[in-house]
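Structural overview for review
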Amino acid sequence: MPLLLFFLLLSLLHHPLLSSSYSFDVSYYIDCGGSTNITDSFNTTWLADRYYTGGSVALVSEPLHFIHPQEKTLRYFPLSSGKKNCYTVPLPNGRYYFRTFTVYDNYDGKSHSPSFEASVEGTWVNSWRSPWQEPLARDGAYSDLFAYVTDGHADLCFYSIATDPPVIGSLQINQIDPQSYDAASIGQDYILVNYGRLTSGSQQWGPGFTNDTDLFGRSWQSDSEFQSTSSSPLKKISAIKPITGADTAPNYFPAKLYETAVTTSGGGNEVVDYALPVDAKLDYLLVFHFAEIDTSVTKAGQRMFDVVVNGKNVNRIDIFKEVGSFAAYTWQYTVKNLSYTMLTVKLVSAIGSPLICGLENYALVPADLSTVPDQVVAMRALKESLRVPDRMGWNGDPCAPTSWDAWEGVTCHPSKDEKALVISQIDLGSQGLKGIISDQISLLSNLVSLNLSTNSLGGTLPSGLGQKSLIRLDLSHNQFTGSIPDTLASSNLQLVILNDNLLEGRVPEELFSIGVHGGAIDLSGNKGLCGGPTLPECPLFWENGSLSTKGKIAIGLSCLVVFCVLLLVIYMFCIRRGRNDYDFGLPQDLLSLAAKRNKYQRQKSLMLLEMESQHAKGMPSPFTPY
């Protein structure tokens, strides 16, 4: 039997009416394959399809066969979208109720229901194997589970078996109380997969079936088809008073669950017997729901019965003793390592008739190992930078579930403490890649081998390629430019194949030691490389497309010399000017002026002497007026 979380034929999801005390209000209702938002008959708004990684949309072959609009469309994932595809929904961390509707209805006209598997948060939870039973293939089925989200988004992924395309009709996600279903004991290391959520004494009800409220969004299926033929004659009873103790934290079981019950009709050797289909080699959590709604029982000891699971008497129940009358009482039991495909539950009378209001059965699926978060970040960055094609199915967790193949071209293994998965090898040779290598590759601290040969990759080689774990590196036959980072020389590489690129500049000397110590190195076909035994010598002052260290030193020294000479000139000029400031010799212009003045004075003196001589002889002076 495939691992179905909840099998329903004609059903729908309904957004729960939240009580004032219920604070977990994050929810998504996605109409897979739908192009517009729609509102169903229960006033639930379903969002147009979103958060998917690939695939195509289709319509069921008989839309009128389905009552609800979100059941008429679907998304399928052909091999052109890769073997692994996902819905990745952004969510705050917490615990969530996941519910899906899966239908085939010969949408593709091939009359071949597909084989595929499903996972939630990197853990395998469900298998579909062709051929499906006819009612399932035509009417579809709902499945549900409880899981924790710890990384800010929920991954619901599908893995194709052979060449079959996985399908999904709708997706519902509701946030729930993280302490529900005995989380304190079970912890976050298990996903609770629903194998039957039964209500006793009533028909199927809850979101998608009736307007009755369940705050978690759970729907409850009638227990009648699971009652064993070995049961005593049964009768249904209903409460005539309100039920107390329901709709309370952390499980918020609805009061309606405890308003009806089945009990035996009397007559001795009374037994209520259930046969629950399961898968072997798993643990199962059984949750029993009781309420003493028979007014004839007024004290403890009037009704007592034993709970027998797979032939083992595990408890004696006295409802009135535990909670009194018209009050909800829940008790649970875990079946360990079940080795059968049928789980039997019997309520065997001790005193009076056994009574039950409901029963839940969950497989405790251990959460699979997941990839180290930093390495998930690195791989998603590489997916974008390398432009990895959709056909390779690089979606969801790169390594999980461990029962599936990792991303195409990727090899993983457990970490040293075996608490997570790490990336050890990437082999994407000859895949038509046309991008660059992201700097985030440095986060792949466990990467041993990287082969990106024979693509059309470009850009420079990131320094992050020098991680100590890397042993084999093949980037040949691409279009990488720039220099070889020094970090490669400090790594533990034993094989370096970089031939036929556009690399240039000086090759780090330490890189050639790989060949000396028994490894292999190939740098041929890079016309710009220099400095190695098989490469031309590098220009004295130029390497890697820029000045070399020697060139920079030479320029620095030249600048220093020029500076010193300039200082010397300035110094000499200042000294010479200082001497002129203390030289008292007259300038040439002043000397010329003084000579002219002396000449004038001499001429004036001669004229005065001549006048005095004439005056003495009685001759009139030329300066005396007539």
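Summarised in this report is the structure supplied together with it. Just so we're clear, the structure is a prediction, and the values are computed from it rather than from any experiment. (Residues numbered from 1 in each chain as written. Predicted model: local features only at pLDDT ≥ 70, side-chain atom pairs only at ≥ 80, totals over all residues. Heavy atoms only, no water.)

**Here's the deal with the overall build of the protein**
Regarding its fold elements, the protein presents seven helices and 36 strands. Classification of the 626 residues of the protein by burial places 49% in the buried group. Look at the contacts in the protein between residues 6 or more apart in sequence, and 70% of them connect residues 24 or more apart. Working note: accessible area of the protein is about 30200 Å², and carbon and sulfur atoms make up 54% of it. (Helix = DSSP H or I, 4+ residues; strand = E, 2+ residues; numbered from the N terminus. Buried < 20%, exposed > 50% of the residue type's maximum accessible area, 1.4 Å probe, protein only. Contact = heavy atoms within 4.5 Å. Areas by Shrake-Rupley, 256 points an atom, 1.4 Å probe, with all protein chains shown as cover.)

**Overview of the pairing of strand β11 (residues 153-160)**
Burial within β11 is extensive, with eight of its eight residues counted as buried. Residues of β11 alternate between two faces, with His153, Asp155, Cys157 and Tyr159 on one and Ala154, Leu156, Phe158 and Ser160 on the opposite face, all of them buried. Across five bridges, strand β8 (residues 116-120) lies against β11 in antiparallel orientation. Paired with Ala118 across the strands is Phe158, a residue of β11. (Pairing = 2+ DSSP bridges.)

**Structural notes on the state of the cysteines**
All chains considered together, the criterion is met by three disulfides. The disulfide partner of Cys399 is Cys412, and the gap between their sulfur atoms is 2.0 Å. What sets the handedness of the Cys399 and Cys412 disulfide is the S-S torsion sign, and at about -75 degrees it is left-handed. Here Cys399 is found in the loop between α4 (373-385) and β26 (410-414), whereas its partner Cys412 is found in strand β26, with 13 residues between them in sequence. On the accessibility criterion, Cys412 (22% relative accessible area) is partly exposed. Ordering the disulfide-forming cysteines of the protein by sequence position, one finds them joined as 1-2, 3-4, 5-6. (Disulfide = S-S within 2.5 Å.)

**Things to note about α4**
A rise of 1.5 Å per residue sets the reference length of α4, with its 13 residues, at 18 Å; its end C-alpha atoms lie 18 Å apart and thus fit the reference within 8%. Among the residues of α4, Gln375, Val376, Ala378, Met379, Ala381, Leu382 and Ser385 are the ones counted as buried. Tucked inside the fold, the buried residues of α4 contact β26 and β27 (421-427). Arg387 lies just past α4 and shows a positive phi near 55 degrees. (Expected span 1.5 Å × (residues − 1).)

**Quick word on the nonpolar core**
With 100 residues, the main nonpolar core has Phe288 and Leu343 as its most contacted residues. Tallying contributions element by element places strand β19 (residues 282-290) first for this core, with seven residues. Setting aside residues up to four positions removed in sequence, Leu343 forms contacts with Tyr274, Ala275, Leu276, Val278, Tyr284, Leu286, Val309, Asn310, Val335, Leu338 and Asn361. Grouped together as the second largest cluster of nonpolar side chains are 42 residues, Met379, Leu382, Ile426 and Leu493 included. (Core = buried A, V, L, I, M, F, W, Y, C linked by side-chain atoms within 4.5 Å.)

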